[in-house]
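Coordinates in review
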Amino acid sequence: NAGVTQTPKFRVLKTGQSMTLLCAQDMNHEYMYWYRQDPGMGLRLIHYSVGEGTTAKGEVPDGYNVSRLKKQNFLLGLESAAPSQTSVYFCASTPGRLNTEAFFGQGTRLTVV
Amino acid sequence: GENVEQHPSTLSVQEGDSAVIKCTYSDSASNYFPWYKQELGKRPQLIIDIRSNVGEKKDQRIAVTLNKTAKHFSLHITETQPEDSAVYFCAASYSGGGADGLTFGKGTHLIIQP
């Protein structure tokens, strides 16, 4: 049982380039989330999804888009990367209710130069 | 939306002593309060959680207390050990209605001095 898996683990982008981060979970969870983690800032919610085909904005959505075409996958896209998007990105999932444990992926370290 | 404040940002304690990390939240509708531990370069992992219908919960050397009236909750670690060194995050969420996800505090770097 792999849990939550993120691809890639590391990436360096040039300003203006685009990329997609993939999150896959094999626990049949309904809810999935993308967070970014910056030093001294904790984890901040970017976008989330409460089920296949649905997405919603979190606290810091600007510059990001997401898609949930399949229940097990949640994609995070950067259309035109900026240095301010240098961060560690974590995907997480929960079974369907918020008051249960959130399982995190191993993180993606993204650097935009 | 919810706002979670966490203190202190860094906490250094002698091995064997106790450590206490405190959090306050703003939304009285929040009803779930987990604590996550993140070791360097690793993913956050749940260590303990508490729901709003409970005032205290304990799991071996770790305990969490919740004061709904004051809107604050605390993590207590007793008999600290070197492997307790990590960053700890508190969080809050509301499970009814919307699904905004967990709101996290900014983290506490716990350092266990030998």
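Refer to the structure above for everything that follows.
Residues numbered from 1 in each chain as written. Chains lettered and ligands numbered in written order. Predicted model: local features only at pLDDT ≥ 70, side-chain atom pairs only at ≥ 80, totals over all residues. Heavy atoms only, no water.

Taken together, the 22 residues of chain A in the interface contact 20 residues of chain B. Counting the surface lost from both chain A and chain B, the interface buries some 1800 Å², and carbon and sulfur atoms represent 57% of this. The tally of links from chain A across to chain B stands at zero salt bridges. For the pair chain A and chain B, the interface holds four residue pairs in polar contact (both at pLDDT 80 or more). (Contact = heavy atoms within 4.5 Å. Buried area = accessible area lost by both parts, 1.4 Å probe. Salt bridge = Lys/Arg side-chain N within 4 Å of Asp/Glu carboxyl O. Polar contact = N/O pair within 3.5 Å; in protein donor to acceptor, adjacent residues only side chain to side chain.)

Take the packing of aromatic side chains next. Considering all chains together, one arrives at 14 aromatic pairs over all chains under this definition. Ring centres 5.5 Å apart and planes at 80° place the aromatic pair Phe104(A) and Tyr36(B) in the edge-to-face group. Pair noted here: Phe104(A) is in strand 10 (residues 103-104) and Tyr36(B) is in strand 4 (residues 32-38), and the two residues belong to different chains. Both rings, one in Tyr25(B) and one in Phe73(B), keep their centres 6.1 Å apart while their planes meet at 55°; by these two values the pair is tilted. Of the two residues, Tyr25(B) sits in strand 3 (residues 19-25) while Phe73(B) sits in strand 8 (residues 72-77), which places them 48 residues apart along the sequence. As far as burial versus exposure is concerned, Tyr25(B) and Phe73(B) are alike and both buried. (Phe/Tyr/Trp six-rings, centres within 6.5 Å; stacked < 30°, edge-to-face > 60°. Helix = DSSP H or I, 4+ residues; strand = E, 2+ residues; numbered from the N terminus. Buried < 20%, exposed > 50% of the residue type's maximum accessible area, 1.4 Å probe, protein only.)

The subject of this paragraph is the environment of Tyr25(B). Note on Tyr25(B): relative accessible area 6%, which makes it buried. Beyond its immediate stretch of four places on either side in the chain, Tyr25(B) contacts Glu2(B), Asn3(B), Val4(B), Ser30(B), Phe33(B), Leu66(B), Asn67(B), Lys68(B), Lys71(B), His72(B), Phe73(B) and Ala92(B).

In this section: the state of the cysteines. Residue and element names in this part refer to chain A. Evaluated as defined, the whole model comprises two disulfides over all chains. What pairs with Cys 23 in a disulfide is Cys 91, and their sulfur atoms sit 1.9 Å apart. As the torsion about the S-S bond is roughly -75°, the Cys 23-Cys 91 disulfide counts as left-handed. A residue pair is termed long-range when its members are at least 10 positions apart, and Cys 23 in strand 3 (residues 19-25) and Cys 91 in strand 9 (residues 87-94) qualify at 68 residues. (Disulfide = S-S within 2.5 Å.)

Moving on, we get to the pattern of salt bridges. If charged atoms from side chains of opposite charge come close, those side chains can pair. Scanning the model with the defined rule gives seven salt bridges over all chains in all. Between Arg36(A) and Asp38(A) there is a salt bridge, with its nearest N and O atoms 2.9 Å apart. In this pair, the class of Arg36(A) matches that of Asp38(A), namely buried. When the shortest N-O distance is used, the salt bridge between Arg51(B) and Asp49(B) registers 3.9 Å. Taken together, the salt bridges that share partners define one network made up of Arg36(A), Asp38(A) and Arg44(A).

Checked against the element boundaries, Gln37(A) lands in strand 4 (residues 31-38). At 2.8 Å, the side chain of Gln37(A) forms a polar contact with the side chain of Gln38(B). Those residues in contact with Gln37(A) that sit more than four places away from it in its chain are Gly42(A), Leu43(A), Ser87(A), Val88(A), Phe90(A), Gln38(B) and Phe89(B).

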